[in-house]
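Residue-level structure breakdown
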Amino acid sequence: MKIKEVRELETKDLLEKLENTVEKLHQLKLTHSIAPLENPSQIKATRRDIARMKTELRQRELNK
């Protein structure tokens, strides 16, 4: 998910997407601990997506 896509989402949708992405990260980590993922860089990409979303939420909070 690109930062442009994150900025286009409304706050409510962004929070919902953040929750889903965090859940996805936990699932990826669990799966990876049991058996190696075919593409372990998914974990890194998911972490970065979460950081982008949290950053955008924080910026919106400060700009109020």
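Below you will find a few notes about this structure. Please read all numbers here as calculations on a predicted model, not as lab measurements. (Residues numbered from 1 in each chain as written. Predicted model: local features only at pLDDT ≥ 70, side-chain atom pairs only at ≥ 80, totals over all residues. Heavy atoms only, no water.)

**Points about the packing of helix α2 (residues 11-34) against helix α3 (residues 41-62)**
Two elements in contact, α2 and α3, have axes whose closest approach is 9 Å; the angle formed by their N-to-C orientations is 155°. Classified by the angle their axes make, α2 and α3 are roughly antiparallel. Seen from above, α2 lies across α3 with left-handed handedness. Facing Thr11, Leu14, Leu15, Lys17, Leu18, Thr21, Val22, Lys24, Leu25, Leu28 and His32 of α2, the residues of α3 in contact are Gln42, Ile43, Thr46, Arg47, Asp49, Ile50, Met53, Lys54, Glu56, Leu57 and Arg60. (Axes fitted to C-alpha atoms, helices over the stretch in contact; angles between N-to-C directions. Helix = DSSP H or I, 4+ residues; strand = E, 2+ residues; numbered from the N terminus. Parallel < 35°, antiparallel > 145°, perpendicular 65-115°, else oblique. Left-handed = near helix turned anticlockwise from the far one by under 90°. Contact = heavy atoms within 4.5 Å.)

**Considering the nonpolar core**
By size, the foremost hydrophobic cluster in this structure holds 10 residues: Val6, Leu14, Leu18, Leu25, Leu28, Leu37, Ile43, Ile50, Met53 and Leu57. Residues in contact with isoleucine 50, not counting those within four places in the same chain, are Leu18, Thr21, Val22 and Leu25. (Core = buried A, V, L, I, M, F, W, Y, C linked by side-chain atoms within 4.5 Å. Buried < 20%, exposed > 50% of the residue type's maximum accessible area, 1.4 Å probe, protein only.)

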